[in-house]
Every structure is written in structure tokens, then in C-alpha cells.
Amino acid sequence: MSEIVVSTWAFGERANVPAWEILKTGGSALDAVVAGVSVAEKDPEVKSVGYGGYPNADGEVEVDAAVMDGRNLGYGSVVALKNIDVPTAVARDVMEKTDHVMLAGEGALAFGRSQGYSEREMLTDGSRKAWEEWKAGRSGRPTDSHDTIGMVALDQSGDIAAACTTSGLGFKMKGRVGDSPLIGSGLYADNEVGAAAATGRGEEIARVCGSFLIV
Ligand code: GLY
């Protein structure tokens, strides 16, 4: 079967590169999407995902991420996670190493630590400046503040996987969770049917289970 990878937004093109390398050398769709989206997660210029993402209203970067394995409807996610710049990899560990599907906040961070992930300050000077301007009432919410990266891949074995990862709506309420880490909303993958991932205002996507609806 011919391999395929698709992702959202212009920054998704850079994320597709390592995913494509994995797929064309016979690797799994799951490995491809986790490696692919990590490019956007670690890129400080992508203000809507991971490191350097816009913070919440309190000035803290809280990220949401999920993966789904179309072979067996495996699903793992983290929500309101701080200080780890590869949340999708942690979400995969939730799927593969626990018997849960979602870990939140402090629990997600503690689990990430237990798996050996290193911690860093996720707020960059650029994102802090944007938040300070917003806080002072000098600017509104940035238009790119919910440009989530969603990625779906099909590998040579015919297996499919999806990933979705975001720092969420810029200057959101502390603890707000959008569609990205929610199965059926930010992503869905089922080998028997297909896969989809979503980008946009999470509240709108979540209320219609957008990705499940499409699949
Ligand atoms: N779609 C990302 C979010 O609204 O959090």
C-alpha cells in the first residue's frame, strides 16, 4: 500500500518531513505522526503548539495532545500539561504504558517525569510579550491562536494513525481544554474506515465530535 501523510497549516509541511521519512522506509503510521508533530511542538515560531505557544490568561503555557492508533482504536491523551515540549509522545505513553486514556495537569506532568521526559520553561520571550500586550488591553486575541497541528498517516502495511497537539486558544482560561486531546473531536482513526484531525476553535469542534463525524 502507498504511504500517505497529511497535516494542517503551512507549518505542517515541515512536520511532514520526518513523518514521511519513517513511512517511506517502512515505519509505522503511529511512529510517523508522533515524530512529525514533534517538529511543530518544539518550534518556538509556531505560536499555537507546544514550546513557544501562547499562554493561558495567567501567563502559563498549558498544552493538550492526543494520539490514536487505527489498528485497535488505541487512544492516549494529555491535557493542561505544563513544561514538557513533546506532549504527543507523552500521550502515546499514556496509551501504551497505562490502562487509562487521559491524564491531566499535575498528574500528566508527574507521569511524564516518571517516563524520563525533561522539563523546560515553555513560555518564550515572544509569547510572553504577546500575552503582556493582551493583558494590558493593548491587543486582542491573536488570529493564529488555535491553529492546531493535526496529522494523519497511512503506512505501507495499511495501518493508519492520527495525532493532534496544541497550546490551545491563546490566553484561554486556566484549565480550559479544547478539542485537540478529545477522541472524536480533535482526532479519530479507525483502520476500517479512515482518519481525520481537526483545527480551529475547539469549542465548536468538540460540540459536534467533528473528527468522528467525518470518519
Ligand atoms: N483547536 C485547538 C483549540 O481550540 O484548543
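In short, a report on the structure. (Residues numbered from 1 in each chain as written. Predicted model: local features only at pLDDT ≥ 70, side-chain atom pairs only at ≥ 80, totals over all residues. Heavy atoms only, no water.)

**Examining the packing of helix α1 (residues 11-24) against helix α2 (residues 29-42)**
Contact pair α1 / α2: the axes reach a minimum separation of 7 Å and the direction vectors enclose 150 degrees. Considering their axes alone, α1 and α2 lie roughly antiparallel with respect to each other. Judged by the twist between their axes, the crossing of α1 over α2 is right-handed. On α2, the residues touching Phe11, Arg14, Ala15, Pro18, Ala19, Ile22 and Leu23 of α1 are Ala29, Asp31, Ala32, Ala35, Gly36, Val39 and Ala40. Counted by class, the contact of α1 with α2 contains 11 nonpolar, one polar and two charged residues. (Axes fitted to C-alpha atoms, helices over the stretch in contact; angles between N-to-C directions. Helix = DSSP H or I, 4+ residues; strand = E, 2+ residues; numbered from the N terminus. Parallel < 35°, antiparallel > 145°, perpendicular 65-115°, else oblique. Left-handed = near helix turned anticlockwise from the far one by under 90°. Contact = heavy atoms within 4.5 Å. Nonpolar A, V, L, I, M, F, W, Y, C, P; charged D, E, K, R; others polar.)

**Focus on the site of the ligand**
Residues in close proximity to the ligand include Thr148, Thr166, Gly168, Leu169, Arg176, Gly178, Asp179, Ser180, Gly200, Arg201 and Gly202, which together make up its full environment. The separation between a nitrogen atom of the ligand and a polar side-chain atom of Asp179 is 2.7 Å. Protein coverage of the free-state accessible area of the ligand, which is 200 Å², stands at 100%. Here the ligand is seated within the largest cavity. (Near = heavy atom within 4 Å. Polar contact = N/O pair within 3.5 Å; in protein donor to acceptor, adjacent residues only side chain to side chain. Areas by Shrake-Rupley, 256 points an atom, 1.4 Å probe, with all protein chains shown as cover. 1 Å grid on protein atoms, 1.4 Å probe; cavity = no way out; pocket = protein on both sides within 12 Å on 5 of 7 lines; lining within 4 Å. Sits in = over half its atoms within 2 Å of the grid points.)

**A word on the side chain of Arg92**
Relative to the helices and strands, Arg92 is located in helix α3 (residues 87-97). The residues contacting Arg92, other than those within four sequence positions of it, are Leu30, Asp31, Val34 and Val67.

**Concerning the sheet that holds strand β6 (residues 160-166)**
Strand order in the open sheet made by the six strands is β1-β5-β6-β2-β3-β4, with mixed pairing throughout. Two strands in the sheet have a free side with no partner beyond their single neighbour: β1 (4-7) and β4 (102-104). Between one strand axis and the next, the sheet turns by 5 degrees as a mean value, whatever way the strands run. Taken together, the four bridges between β1 and strand β5 (residues 149-154) define a ladder with antiparallel strand orientation. By the bridge assignment, Ser7 is partnered in β5 with Met151. (Pairing = 2+ DSSP bridges.)

**Observations regarding the pattern of salt bridges**
With the rule as written, the count across this model stands at 15 salt bridges. In this structure, the salt-bridge partner of Lys82 is Glu60, at a minimum N-O distance of 3.3 Å. On the criterion of sequence distance, the pair formed by Lys82 in the loop between β3 (74-81) and α3 and Glu60 in the loop between α2 and β2 (63-69) is long-range, its members being 22 residues apart. Across the pair Arg138 and Glu133 runs a salt bridge, and its minimum N-O distance is 3.1 Å. Ionic contacts of the salt-bridge type, sharing partners, join the residues Asp31, Arg92 and Glu96 into one network. (Salt bridge = Lys/Arg side-chain N within 4 Å of Asp/Glu carboxyl O.)

**Examining the side chain of Asp147**
Residue position: Asp147 is located in the loop between α5 (125-135) and β5. Buried within the structure, Asp147 lacks any salt-bridge partner; its nearest side chain of opposite charge belongs to Arg201, at an N-O separation of 11 Å. When sequence neighbours within four positions are dropped, the list of residues in contact with Asp147 reads Trp9, Phe11, Ser48, Val49 and Thr199. (Buried < 20%, exposed > 50% of the residue type's maximum accessible area, 1.4 Å probe, protein only. Lys, Arg positive; Asp, Glu negative; His and termini not counted.)

**Looking at the pairing of β6**
The buried count for β6 comes to seven of seven residues, which makes it a mostly enclosed element. The alternating pattern of β6 places Ile160, Ala162, Cys164 and Thr166 and Ala161, Ala163 and Thr165 on opposite faces, both of which are buried. In the sheet, β2 pairs with β6 via six bridges, with the strands oriented antiparallel. Directly across from Val67, in β6, lies its bridge partner Ala163. Here β5 runs beside β6; their pairing, made up of six bridges, is antiparallel. In the sheet register, Met151 faces β6, and the bridge partner there is Ala163. Between the antiparallel neighbours β5 and β6 lie five residues, among them Gly158 with a positive phi of about 85 degrees.

**Looking at the packing of aromatic side chains**
On inspection of all chains with the given rule, the structure shows three aromatic pairs. Among the aromatic residues, those joined into a ring-pair cluster are Tyr54, Trp134 and Phe171. Seen from the ring of Tyr51, Arg120 lies directly overhead, with NZ or CZ sitting 3.6 Å from the centre. (Phe/Tyr/Trp six-rings, centres within 6.5 Å; stacked < 30°, edge-to-face > 60°. Lys NZ or Arg CZ within 6 Å of the ring centre and 35° of its normal.)

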